[in-house]
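# Observations on chain architecture
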Amino acid sequence: MSSTLFRNVRILDCTGAPPFAGCVRVEGNRIAAVVPAPAVPAAADAMDVEGRGATLMPGLIEAHSHLTFTDVAQSVELGFIPPEEHMLKTAQNARRMLDAGFTSCFSAAAAKPRLDIVLRNAIDQGDFPGPRTLAASPEMTVAAGLGDARLYHMYRENFAVVCNGPEEFRRFARKMVREGIDTLKINVSGDAGSPASPADKTVMNDAEVDAVCSVARAHGKRVAAHARSAESVRMCLCHGVDVIYHATLLDEDARDQLEAQRDRVFVAPVLGHLYTTLNEAAPWGITREIAEQRGIAHELGQGIENMKALHKRGVRVLIGGDYGFAWNPIGTDAREIGHFVDMLGFSPMDAILAATRLGGQIMGMGERLGQILPGYLADLLLVDGDPLEDVAILQQPGRIRAVMRDGTFWKAPVNGSVET
Ligand SMILES: [Zn+2]
């Protein structure tokens, strides 16, 4: 069994406690010992990593990933990629996430039915490198909903699968369960990107949401929802949806209902895509003026206020930002932690916990993932500097000196040590 000893590191264990100096020993794929300085655990045959005061923290966890999104400028482009090429690009994206320090990804939908499933299996079997991955279905959407970009006079594929009525939703959900998904994804509200179904509109109905949730419950799977409008969030909570994405346009009643179910549901506002669409998408034809006309500035403002309120109420608000678009590319996901500090007023500690400890929980592995504790899985980052001083360090791959995933270095420290 391989063994690694991280000496002289500043341990940010992501339990919520302040960092402390010490050593961490890894045996196989587990953290075997966490020892505060000046003691040093026995380390016979261990690979020695001299940390020189660098920060050792859990690997980052993305709660709204789309590893099948290939940095496209328009989502309809995803439909044009043949499945074979699409699989290879997805595997490349998994490597890019590891490079960026993300060791787990909770998928918020695949762009084709089996891409997430095949990727997860290949990673789990050790055939390809990548983060721990939970596999999602494509977005199930109603005709005219987000992701239905078909033309009346011709057939064309897109990133979503169109279902109408509870029977069609149920049939597709069951097929995806058969293929091996972990999560069923539904588009309950509209979106700024779907002109016929704006963000404040609720386009799925109770029977359709209930059909998908019933299939998930019957097979022990989870449901994640694209839900921007207050009404769509209420509908999700009523039928037992597990993960609520966006939740940007809440009213007081929807905030109350989320708080009442805070021990069961997870929320991820997905700020990154709104922020970059508003401020950085002009080279792709989306000027600030166009973005404002689509209501994105308004939605971002509302989303910020709602997330501040939910955080105060103890609702679990996680990072994840729809990375995978040209102006919001895969691998820049750690910007989301900065957005939580800058936009939501999270403390750096709370923002980092939203990317680690809470990430372990959304992965369904909270008792063994997302913190540095004895017995936890050895998904670790060695970071040059103090992310609590400046969370933006985590956006600089050069500052992430080592990435360990499941006890094995994806990126090993140079010469077994960290330069200062
Ligand atoms: Zn998304």
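Shown above is the structure to which this text applies.
Let me sum up the structure you'll find in this document.

Thresholds applied
- Residues numbered from 1 in each chain as written.
- Predicted model: local features only at pLDDT ≥ 70, side-chain atom pairs only at ≥ 80, totals over all residues.
- Heavy atoms only, no water.
- Donors = N, O, S within 2.8 Å, 3.2 Å for Na, K, Ca; no water.
- Buried < 20%, exposed > 50% of the residue type's maximum accessible area, 1.4 Å probe, protein only.
- Helix = DSSP H or I, 4+ residues; strand = E, 2+ residues; numbered from the N terminus.
- Contact = heavy atoms within 4.5 Å.
- Pairing = 2+ DSSP bridges.
- Axes fitted to C-alpha atoms, helices over the stretch in contact; angles between N-to-C directions.
- Phe/Tyr/Trp six-rings, centres within 6.5 Å; stacked < 30°, edge-to-face > 60°.
- Polar contact = N/O pair within 3.5 Å; in protein donor to acceptor, adjacent residues only side chain to side chain.

## Notes on the coordination of the zinc ion
For a metal bound by four donors in tetrahedral geometry, the ideal donor-metal-donor angle is 109.5 degrees, whereas six donors in octahedral geometry ideally sit at 90 or 180 degrees. For the zinc ion, the protein coordination sphere consists of His64 (NE2), His66 (NE2) and Asp322 (OD), at 2.0 to 2.1 Å. Taken in chain order, the donor set of the zinc ion reads H-x1-H-x255-D. Of the two residues, His64 and His66, both sit in the buried class.

## Digging into the side chain of Thr248
Among the structural elements, Thr248 can be located in strand 13 (residues 243–249). The exposure class assigned to Thr248 is buried, which follows from its relative accessible area of 1%. The contact partners of Thr248, leaving out residues within four places of it in the chain, are Arg228, Pro269, Leu274, Glu299, Gln302, Gly303 and Asn306.

## Points about helix 8 (residues 271–279)
Counting buried positions along helix 8 yields 7 of 9 residues, so the element is predominantly enclosed. Every buried residue belonging to helix 8 is among Leu271, Gly272, His273, Leu274, Thr276, Thr277 and Leu278, and all of these are buried. Buried residues along helix 8 sit in contact with strand 12 (222–229), strand 13, helix 9 (288–293), helix 10 (296–312) and helix 11 (335–342).

## Quick look at the sheet that holds strand 14 (residues 266–268)
Read from one edge to the other, the open sheet built from 6 strands follows the order 10-9-11-12-13-14, with strand pairing classed as parallel. The strands lining the two open edges of the sheet, one partner per strand, are strand 10 (160–162) and strand 14. The average undirected angle you get between the axes of adjacent strands in this sheet is 30°. For strand 11 (residues 183–187) and strand 12, the ladder comprises 5 bridges, and the chain directions are parallel. Looking at the pairing, Ile186 lines up with Ala225 of strand 12. Strands in contact with helix 5 (residues 206–219) are strand 9 (136–141), strand 11 and strand 12; relative to strand 11, the strand with the most contacts, it is inclined by about 175°. Running over the sheet, helix 10 touches strand 12, strand 13 and strand 14 and is turned about 120° from strand 13.

## A few points about unusual backbone geometry
Across the junction of Ala37 and Pro38, the peptide omega takes the value 5°, indicating a cis bond. With respect to the helices and strands, Pro38 occurs in the loop between strand 3 (30–36) and strand 4 (47–50). Despite not being glycine, Val270 has its phi angle at roughly 60°, a positive value. Examined against the element boundaries, Val270 turns out to sit in the loop between strand 14 and helix 8. The class of Val270 is buried, set by a relative accessible area of 1%.

## Things to note about the packing of aromatic side chains
The final tally for this structure, using the stated rule, is 6 aromatic pairs. Judged by centre distance (6.0 Å) and plane angle (70°), the rings of Phe69 and Phe159 are edge-to-face. Within this pair, whereas Phe69 is found in the loop between strand 6 (60–65) and helix 1 (77–80), its partner Phe159 is found in the loop between strand 9 and strand 10, the two being separated by 90 residues in sequence. Each member of the pair, Phe69 as well as Phe159, carries the same accessibility label: buried.

## Observations regarding the side chain of Thr68
Within the fold, Thr68 resides in the loop between strand 6 and helix 1. For Thr68, a relative accessible area of 0% translates into the label buried. In terms of polar contacts, Thr68 uses its side chain to reach the backbone amide nitrogen of Ala111, at 2.8 Å. The contacts of Thr68, once residues within four sequence positions are left out, are Leu78, His86, Thr90, Ala109, Ala110, Ala111, Leu115 and Asp116.

From the geometry alone we can't say anything about function, so treat these as descriptive.
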